[in-house]
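Spelled out from the first residue to the last, the chains are:
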Amino acid sequence: MYNLFHPGLLLLAGALLLLLLPPKWIKCILPSAALCALAAVFTLRNGDGMFLQLLPNVRMQFLEVDRLSWAFALIFAIGAVLAGLFACHTKNKFEAAAETAYAGSAMGVVLAGDWITMILFWEVMAIASWLVVISSRTEAASKAGFRYLLMHMLGGNLLLVGIVLKVSGGSFDVTCLTGSEDAAYWLMLAGTAVNAAIPPLHAWMPDAYPESTLGGTVYLGTYTTKVGIYTLIRLFAGAELLLYFGVFMALFGALMALLENDLRRLFSYHIISQLGYMVVSLALGTELGVDGAVAHVFGNIVYKGTLFMCAGVIIAATGKRKITEMGGLARSMPVTAVCMGIASLAICGFPLFSGFVSKGLIMNAIAESGRPAVEILMLIASVGTLLSVGLKVNYFVFFAKPQTTGAAHTAGAAPAAGSVHAQPYFAETVPRVTDVQPELVPRNMRLAMLLGAAGCVVTGVFPQIMQGVTPFLSDGHPYTVDHITQYLELFAAAAIAFVMYLSHMAPHAGITLDADWFYRRPLNQMVMAAATACEICFDIVGRWVGGMVHAANQLICKEQRAPRGLEDDDVLQKPAGKLIALNFVMWMVITGGVFVLTRL
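Parameters at a glance
- Residues numbered from 1 in each chain as written.
- Predicted model: local features only at pLDDT ≥ 70, side-chain atom pairs only at ≥ 80, totals over all residues.
- Heavy atoms only, no water.
- Helix = DSSP H or I, 4+ residues; strand = E, 2+ residues; numbered from the N terminus.
- Buried < 20%, exposed > 50% of the residue type's maximum accessible area, 1.4 Å probe, protein only.
- Contact = heavy atoms within 4.5 Å.
- Areas by Shrake-Rupley, 256 points an atom, 1.4 Å probe, with all protein chains shown as cover.
- 1 Å grid on protein atoms, 1.4 Å probe; cavity = no way out; pocket = protein on both sides within 12 Å on 5 of 7 lines; lining within 4 Å.
- Points joined across faces, edges and corners; volume = space filled by probe spheres on them.
- Nonpolar A, V, L, I, M, F, W, Y, C, P; charged D, E, K, R; others polar.
- Axes fitted to C-alpha atoms, helices over the stretch in contact; angles between N-to-C directions.
- Parallel < 35°, antiparallel > 145°, perpendicular 65-115°, else oblique.
- Left-handed = near helix turned anticlockwise from the far one by under 90°.
- Phe/Tyr/Trp six-rings, centres within 6.5 Å; stacked < 30°, edge-to-face > 60°.
- Patch = residues over 30% accessible without salt bridge, like charges linked within 9 Å, V, L, I, M, F, W, Y side chains within 5 Å.
- Salt bridge = Lys/Arg side-chain N within 4 Å of Asp/Glu carboxyl O.
- Lys, Arg positive; Asp, Glu negative; His and termini not counted.
- Charge placed at Lys NZ, Arg CZ, Asp CG, Glu CD.
- Expected span 1.5 Å × (residues − 1).
- Polar contact = N/O pair within 3.5 Å; in protein donor to acceptor, adjacent residues only side chain to side chain.
- Core = buried A, V, L, I, M, F, W, Y, C linked by side-chain atoms within 4.5 Å.
- pLDDT = per-residue confidence, 0-100.
- Disulfide = S-S within 2.5 Å.

Draft legend 1. The overall build of the protein, seen in detail. Across its full length, the protein holds 22 helices and two strands. Within the span of the protein, comprising 600 residues, buried residues form 52% of the whole. Summarising the internal contacts of the protein: among those between residues at least 6 apart in sequence, 80% fall at separations of at least 24. By element, 69% of the accessible surface of the protein is carried by carbon and sulfur atoms, the whole surface being about 26500 Å².

Next up, the structure:
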């Protein structure tokens, strides 16, 4: 059935309105466009479509609805509503337009029914997300944005080459590739791995996300990697190789978060860890595994979005972004502390919160697959999540005693023996609680944060909400005695370990090196060398083409010795050569394009 209500196109139309209208309309259009997209999702039914016929054998399928695409469209629309409400106080209409276009293009990818439409929205999403990264207009954001764009151009081009191979072979529709393992399979898997932040192609995320604006970070944490997960489910569900990558992601992200000091960078690493759960689940290839991955995407967008919103509220109120610069904020920001605590318990999988439901489905799927080693490793990753987010962030940000200015220690000071200030966390000046200014936080940011925290509780107390949007409607029964007892024991063990090693759990002021350290400099040199080579080639070709055009122009416009006539008039003479040359070039381009299209 043909359906005109495409949620992604509605958001793209909203982005165009944001560009055309004055900035005062941002507060209205940004959340309203997301609400319209959410309403449009509920008009979609299985089998709905929207297409554009380009040639007799080439059709762009903008909309193709099944249970999987509908579930992701719904999840993305909910994320757009929360992120749009959180960011609608911005005065920069270009940032707001980029954020809305980013959400719309992400929906376009999950609803696309053919390869051409999919790669079109994929590239639009890459450009829009890059604009969101650099929207803070700082030097750090500019550099991180360049690296972000470079990686996503790499991933997009790998995906494009794989799609070209598929289309040239006569395959136009988006279909599962598991089991084919041809050149297109590996190229498209590598391209998707960039978006899904599979190590070692992950460093762009903790590098770029913290440098965006407060609202932009919420958008970034919602879409790019989740589109990668959708593509992995759609194209590579059941691929055994992904299982091992998923386990490594879950452990690696939790470990890096334990070492991190920057609040938003820490949460970015935890996106990688949570993506690991999704990758493991979809790699199993079972109905319960796919449903667990989709449910975890749902829960992740809600609780991870809430964590980023809480971090944004803290940064807006304190002007600080590192944990070592905070402490004792619970007294001056109690609502934020409660919301952060709720979202932290949700990401840790604590009972009665959203993460408990989705992780229950995933762990049940792993248990049914008969992989006890994978199950144990994922439980270890859960302990890492409890330590780094559930305990470390909440304690050192909200409850650890902050230093006063008079008692501050510098990095080189030697505190008294036995003093609690001997911990690395207290090795530098921490702002006093009186420096916090909650009144600087816009009300829309607080409201979005509260709604996100409420969503973590509602979807945890009523697990049928998340289970009802999964493709196969699996009933994993998360609230079993064994599952509840298991996670309570994990939480107790993590809490005991945290208290025993509190001085080692404290964040350090140094930077955290990532895997990109090994390839960033060589990659930069390769890019510069390629750019120089391209510049030289373009210069040579340009000179050759310019000489040819000049010679043709001189030949055609050569002065005639015959008596002057209308054809000898200067008005007609000199432009004629350039016009003919331009017409010849245009003819060659159009002829070549038609030839290529007819050969598809």
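Draft legend 2. Molecular detail of empty space enclosed by the protein. Summed over the entire model, instances satisfying the criterion amount to one cavity of 30 Å³ or more. The computed volume of the largest cavity comes to approximately 40 Å³. Together, G79, L82, A83, V218, T222, I301, V302, G305 and M309 line the largest cavity. At the level of elements, α3 (67-87) and α13 (287-318) are the ones that each hand at least two residues to the lining of the largest cavity. With four residues, α13 is the single largest residue contributor to the lining of the largest cavity. Partitioning the lining of the largest cavity into residue classes produces six nonpolar, three polar and no charged.

Draft legend 3. Inspection of the packing of helix α12 (residues 263-284) against helix α16 (residues 372-399) at higher detail. Orientation of α12 relative to α16, taken along the N-to-C sense of each, is 160°, at an axis distance of 11 Å. Relative to α16, the element α12 is oriented roughly antiparallel. Pair α12 / α16 crosses with left-handed handedness. Facing L263, L266, F267, H270, S273, Q274, G276, Y277 and V280 of α12, the residues of α16 in contact are V374, M378, A381, S382, G384, T385, S388, V389, K392, V393 and V397. Residue classes in the contact of α12 with α16 are distributed as 11 nonpolar, eight polar and one charged.

Draft legend 4. Expanded view of the packing of α12 against α13. At a closest axis distance of 9 Å, the pairing of α12 and α13 adopts a crossing angle of 175°. In this view, α12 runs roughly antiparallel relative to α13, as classed from their interaxial angle. Of the residues belonging to the contact of α12 with α13, the class tally is 16 nonpolar, eight polar and two charged.

Draft legend 5. Focus on unusual backbone geometry. A cis amide bond, omega 5°, links P199 with the succeeding residue P200. Mapping P200 onto the fold places it in the loop between α7 (183-195) and α8 (204-208). At E181, a residue that is not glycine, the phi angle is positive and equals roughly 50°. Along the chain, the position of E181 falls in the loop between α6 (139-168) and α7. With a phi close to 55°, A197 is a non-glycine residue in the positive phi region. Topologically, A197 is positioned in the loop between α7 and α8.

Draft legend 6. Region of interest: the packing of aromatic side chains. Per the stated rule, a full pass over the model turns up 21 aromatic pairs. Here the aromatic rings of Y148 and W204 are separated by 5.5 Å at their centres, their planes lie at 80°, and the arrangement is edge-to-face. Of this pair, Y148 sits in helix α6 while W204 sits in helix α8, and the two are 56 residues apart along the sequence. By relative accessible area, which is 0% here, Y148 ends up buried. We classify W204 as buried; its relative accessible area is 3%. For the pair Y395 and F498, a centre-to-centre distance of 6.0 Å together with 80° between the ring planes defines the contact as edge-to-face. In this pair, Y395 is assigned in helix α16 and F498 in helix α19 (residues 481-500), connecting sequence segments 103 residues apart. On the accessibility criterion, Y395 (30% relative accessible area) is partly exposed.

Draft legend 7. Representation of the side chain of T231 in the model. Mapped onto the elements, T231 comes out in helix α10 (residues 224-236). Setting aside its immediate chain neighbours within four residues, T231 contacts M118, W122, T192 and F236.

Draft legend 8. Representation of a positive patch on the surface in the model. Together, K27, K91, R443 and R446 make up a positively charged patch on the protein surface. Relative to the helices and strands, K27 resides in helix α2 (residues 26-41). Take K27: its relative accessible area is 53%, and that puts it in the exposed class.

Draft legend 9. Looking closely at α10. Taking 1.5 Å as the rise per residue, α10 with 13 residues should run 18 Å; its terminal C-alpha atoms sit 17 Å apart, in good agreement. In terms of burial, α10 is largely enclosed, as 13 of its 13 residues are buried. After α10 finishes, the residue G238 shows a positive phi value of roughly 90°.

Draft legend 10. Focus on the pattern of salt bridges. In total, this model carries nine salt bridges according to the counting rule given. Residue R321 is joined to D262 by a salt bridge in which the shortest nitrogen-to-oxygen separation is 2.7 Å. Residue R321 is found in the loop between α13 and α14 (334-348), and its partner D262 is found in the loop between α11 (240-259) and α12; the two are separated by 59 residues along the sequence. Judged by relative accessible area, R321 falls into the partly exposed class, the value being 26%. Judged by relative accessible area, which is 6%, D262 ranks as buried. It is possible to trace a salt-bridge network through shared partners that takes in E211, D262 and R321.

Draft legend 11. Main features of the side chain of H296. Here H296 shows up in helix α13. Only 3.4 Å separates the side chain of H296 from the side chain of Y303, close enough to count as a polar contact.

Draft legend 12. The arrangement of a nonpolar patch on the surface in detail. Taken together, L352, V458, V461, F462 and I465 make up a surface patch of nonpolar side chains, about 400 Å² in accessible area. Residue placement: F462 occurs in the loop between α17 (443-461) and α18 (464-467). For F462, a relative accessible area of 42% puts it in the partly exposed group.

Draft legend 13. Inspection of the nonpolar core at higher detail. In terms of nonpolar packing, the biggest core is built from 175 residues, with F72, F76, I229, L232, F236, L242 and F267 touching the most fellow members. Contact partners of F236, with chain neighbours within four places excluded, come to L177, T178, Y185, M188, L189, T192, T231, L242 and L282.

Draft legend 14. Summary view of the confidence of the model for the protein. On average, residues of the protein score 84 in pLDDT, and 84% of them are at 70 or above. This stretch, residues 404-431, has a pLDDT under 50; its non-local contacts, to residues over four places away or in other chains, come to 48 contacts. This model gives residues 559-576 a pLDDT under 50, and the stretch forms 13 contacts once residues within four places in sequence are excluded.

Draft legend 15. Layout of the state of the cysteines. This model, assessed by the stated rule, comprises zero disulfides. No disulfide involves C310; its sulfur sits 5.3 Å from the nearest other cysteine sulfur, which is in C339.

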